[in-house]
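# Coordinate analysis (summary)
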Amino acid sequence: MTVTVERSARAVGRGEAPRPPRRPRDSYALFLVPGALAFLAVVVVPFLMNTGVSFTDWQGVGSPTWSGLANYRELLDDTEFWASFRHSLFMVVAMAVLPTGLGLVLAAALFDYVGKHFGSRVVAVLRACFYLPQVLPIAVAGIVWSWILAPDNGSLNALLKAVGLGSWQRDWLGDPDLALYSVMGVMVWVQLGFPLVVFMAGLQRVDPELYEAAELDGAGWWRRFWHITLPQIRPETYVVLTWCSIAALKVFGAVYVLTKGGPGGATDVPSYFSFATFFEKTQVGYGAAISTVLTVIILALSLVGLKLQTRAEDAEEGVRT
Amino acid sequence: MTALRRYPVLAALCLAALFMVVPFVVVALNAVKSPTEYSQNGPLSLPDGLYLDGLKDFWERVDYSQKLVNSVLISGCVAVGAAVLSVLNAYAIGIGRIKGRTWVLAFFVLANMLPQEALVYPVYYLSKQAGLYDTRLSVIIVFTVIQAAFGTYLLSSVLGRFPREIIEAARIDGASRWQVLWRIVVPVSRPTIGVLLVFFFIWTWNEFLLPLVMLISNDNQTVSVALGVLQGQRLMDATMTNAAALLGVLPALVFFLVFQRTLTRGIAVGAVK
């Protein structure tokens, strides 16, 4: 979502009228004052404090003592830290890769098959079903799923038993080998609606003549999907991938409610790890270092995503004009 | 495309959609079962009758009305506050085209990307210093600013394409910048601002980490935090869990039905200008 700045800013620069007299133009800056002050107090100062604290040894009381890069050096040897970032990669798969892939296929199928033959009302209802988990507070989604996945009389185990697959019953969230995959499954369910809705909106601007031409040439549905749909909505794909990957790196509520990072750290993620370090172990300096690393990774990822999207959109415009 | 293939595809899509909704249905069914019924028949049976005591018990035990009031108050104030802040920022950037706007906008985008983990401890510490810790006001202030980062970005790009002639005409008629903003720009951009209000409200309603840290007393907690904390303590039995889940799902369902159009349209606007 946050991805079109460069472009729009450039577009504005291009279409600029001859410079109006200096003074009136600058007085617009006054409208930025409340926003600037608020951001200074709530975002900039806390962020700088957090970064500063990451170079100190601090328990949250008394004054922090400078320790240079000691926290970061400790992080490098901390297996818990590496594990949490490894789990982040799994979360990126569950919240970005899988929902994007599934979302593309589902959106195209909804658009092509259902939209054209069963009417837009059917599409709207189906889309609403897929989007529903997205409006649910993550804490509530966590409650729903931790009960469904509960070992004793949880619905999933009860269902397996009812259909004669009793031997498949598991402690889905309590088994260290399974817990991460269970959480991933829940996250796919939570996340799927977002790419789906974005892609369905994107498909609407694809020129139908492209499909008709391909159909006349005898291309089947999959070939048309692969050669027309995918390239046409590439900008949306980059937006969704970037946005969802960032959400995956930030995931906190689901882990807190479903597993609290357990069992035995099997589902620990950086944001939960830093939260626990801040408020349970009260090693504030160390927690700040974890969150600083997370921030750097997220900002780097945003810049890459921004670049890819800009390039895709420019390429597309080049084709059109 | 033959009808032969059309129906299997429709069936598969319906099945997938059903899978998305089933958890809600199962929760609703089990929330109206009595504990004995639940332990005898398990989670998959249909309820014998409507047993509402579980819901009522849960409502009273966690003082759910208070949680709803807190959530509505916080989300409502944030939605309005963040929308006002976004409009002011975007007016300067999109219409005023102030110097260095690219950098200003880039700053807001980065602020929007920032993980809350990188802000949470200083915010917690500073609010304690300022005597705002464990108040709803502290959460309102923080989220007003955080949500405004996204609003500024979105509105700036919308206002960047605002027809200049209208503004020029109003200026010639002697309207001040302030009047142009409130009498012309805001009314014309009402659809986008409406989308922002809905999004801010729902996003704030769903927020978890910062409210969890900032709101520790029962009287101040939001729905999300109260339910999340209860679940985290692992003290709820099956019936209570279902009551909690159903009561948590219901407000979201109401927003969803009321704002469905705005939501789906808004996501598209947000993602690709």
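Residues numbered from 1 in each chain as written. Chains lettered and ligands numbered in written order. Predicted model: local features only at pLDDT ≥ 70, side-chain atom pairs only at ≥ 80, totals over all residues. Heavy atoms only, no water.

## Side note on the overall build of chain B
When helices and strands are counted, chain B shows 13 helices and zero strands. Mapped in sequence order, the helices and strands of chain B form the string α-α-α-α-α-α-α-α-α-α-α-α-α. In summary, chain B has a C-alpha radius of gyration of 23 Å against a globular reference of 19 Å for 273 residues, an excess of more than 25%. For the C-alpha atoms alone, the extent of chain B along its principal axes is close to 75 × 70 × 30 Å. Looking at chain B as a whole, 58% of its 273 residues are labelled buried. In chain B, 74% of the contacts between residues at least 6 apart in sequence involve partners at least 24 apart. Of note, chain B has its 21 positive side-chain charges centred 17 Å away from the centre of its 14 negative side-chain charges. (Helix = DSSP H or I, 4+ residues; strand = E, 2+ residues; numbered from the N terminus. Rg over C-alpha atoms; globule rule 2.2 N^0.38 Å. Buried < 20%, exposed > 50% of the residue type's maximum accessible area, 1.4 Å probe, protein only. Contact = heavy atoms within 4.5 Å. Lys, Arg positive; Asp, Glu negative; His and termini not counted. Charge placed at Lys NZ, Arg CZ, Asp CG, Glu CD.)

## A few points about the pattern of salt bridges
Residue and element names in this part refer to chain A. Counted under the stated rule, the structure contains two salt bridges over all chains. Across the pair glutamate 80 and lysine 281 runs a salt bridge whose closest N-O atoms are separated by 3.8 Å. In this pair, glutamate 80 sits in helix α5 (residues 79-118) while lysine 281 sits in the loop between α15 (270-279) and α16 (284-320), placing the two residues 201 residues apart along the sequence. A salt bridge links arginine 224 to glutamate 215, with the nearest nitrogen and oxygen atoms 3.8 Å apart. (Salt bridge = Lys/Arg side-chain N within 4 Å of Asp/Glu carboxyl O.)

## What about the UniProt feature "transmembrane region" (unreviewed entry) in chain A?
Residue and element names in this part refer to chain A. Here, the residues flagged by UniProt with the feature "transmembrane region" (unreviewed entry) are residues 28-49, 89-111, 123-148, 178-201, 238-258 and 284-306. For residues 28-49, the helix share is 77%, the strand share is 0%, and the end-to-end C-alpha distance is 31 Å. Across residues 89-111 one finds 100% helix and 0% strand; the C-alpha atoms that close the span lie 31 Å apart. (UniProt positions renumbered as here; feature names shortened; annotations may be inferred.)

## A word on a nonpolar patch on the surface
A contiguous nonpolar surface patch, about 510 Å² in accessible area, is contributed by Leu30(A), Val33(A), Leu37(A), Leu40(A), Val45(A) and Leu126(B). A per-element tally of the nonpolar patch places helix α3 (residues 33-53) of chain A first, with four residues. Structurally, the position occupied by Leu30(A) is in the loop between α2 (22-26) and α3. On the basis of relative accessible area, Leu30(A) is assigned to the exposed category, the value being 60%. (Patch = residues over 30% accessible without salt bridge, like charges linked within 9 Å, V, L, I, M, F, W, Y side chains within 5 Å. Areas by Shrake-Rupley, 256 points an atom, 1.4 Å probe, with all protein chains shown as cover.)

## Brief notes about the UniProt feature "domain: ABC transmembrane type-1" (unreviewed entry) in chain B
Using the residue numbers shown here, the UniProt feature "domain: ABC transmembrane type-1" (unreviewed entry) corresponds to residues 68-259 of chain B. In this annotation, residues 68-259 of chain B is assigned 81% helix and 0% strand; the end-to-end C-alpha distance for the span is 19 Å.

## So, the UniProt feature "transmembrane region" (unreviewed entry) in chain B
Residue and element names in this part refer to chain B. Following the UniProt record, the feature "transmembrane region" (unreviewed entry) maps to residues 68-91, 103-125, 137-159, 180-205 and 240-259 here. What you have in residues 137-159 is 100% helix and 0% strand, and the ends, taken at the C-alpha atoms, are 30 Å apart. As annotated, residues 240-259 comprises 100% helix and 0% strand, and the C-alpha atoms at either end are separated by 29 Å.

## Observations concerning the nonpolar core
In terms of nonpolar packing, the biggest core is built from 179 residues, with Met187(A) and Phe58(B) touching the most fellow members. Ranked by residue count, the leading element in this core is helix α4 (residues 64-95) of chain B, at 14 residues. When neighbours within four sequence positions are excluded, Phe58(B) is seen to be in contact with Tyr64(B), Leu227(B), Leu230(B), Met236(B), Met240(B), Ala243(B), Ala244(B) and Leu247(B). With 13 residues, the next largest nonpolar core counts Tyr72(A), Leu75(A), Phe81(A) and Ile290(A) among its residues. (Core = buried A, V, L, I, M, F, W, Y, C linked by side-chain atoms within 4.5 Å.)

## Concerning α3(A)
All names here are of chain A. In a regular helix each residue adds 1.5 Å, so 21 residues correspond to 30 Å; α3 covers 28 Å between its end C-alpha atoms and thus fits that length. In the structure, α3 departs most strongly from a straight axis at leucine 40, where the bend amounts to approximately 45°. Every buried residue belonging to α3 is among Gly35, Phe39, Val42, Val43, Pro46, Asn50 and Val53, and all of these are buried. (Expected span 1.5 Å × (residues − 1). Bend = angle between axes of the 7 residues up to and from the residue.)

## Looking at the confidence of the model for chain A
Overall, the predicted model of chain A reaches an average pLDDT of 83, with 90% of residues at or above 70. Across residues 1-17 of chain A the pLDDT falls below 50, and counting only partners more than four positions away or on other chains, this stretch makes 43 contacts in the model. (pLDDT = per-residue confidence, 0-100.)

## Some remarks on the packing of helix α8 (residues 164-172) of chain B against helix α9 (residues 177-188) of chain B
All names here are of chain B. Contact geometry of α8 with α9 gives a least axis separation of 10 Å together with a crossing angle of 130°. Taken together, the axes of α8 and α9 are oblique relative to one another. Here the hand of the crossing between α8 and α9 comes out right-handed. Contacts between α8 and α9 involve Ile166, Ile167, Ala170 and Arg171 from the former and Arg177, Val180 and Ile184 from the latter. (Axes fitted to C-alpha atoms, helices over the stretch in contact; angles between N-to-C directions. Parallel < 35°, antiparallel > 145°, perpendicular 65-115°, else oblique. Left-handed = near helix turned anticlockwise from the far one by under 90°.)

## Some points on unusual backbone geometry
Residues and elements named next belong to chain B. One non-glycine residue, arginine 97, lies in positive phi territory at about 45°. Mapped onto the elements of the fold, arginine 97 is located in the loop between α4 and α5 (101-113). With phi around 60°, aspartate 134 is a residue other than glycine that occupies positive phi space. Summarising the element assignment, aspartate 134 is placed in the loop between α6 (117-129) and α7 (136-159).

## Quick look at the packing of aromatic side chains
Within this structure, the stated rule accounts for 45 aromatic pairs over all chains. Taking the centre distance of 5.8 Å and the plane angle of 20° together, the rings of Phe31(A) and Trp178(B) count as stacked. Of this pair, Phe31(A) sits in the loop between α2 and α3 while Trp178(B) sits in helix α9, on two different chains. Look at Phe31(A) and you get buried, because its relative accessible area is 10%. The ring centre of Tyr133(B) lies 5.1 Å from the NZ or CZ of Lys128(B), which sits over that ring. In this structure, Arg177(B) packs its charged tip against the face of Tyr28(A), placed 4.0 Å from the ring centre. (Phe/Tyr/Trp six-rings, centres within 6.5 Å; stacked < 30°, edge-to-face > 60°. Lys NZ or Arg CZ within 6 Å of the ring centre and 35° of its normal.)

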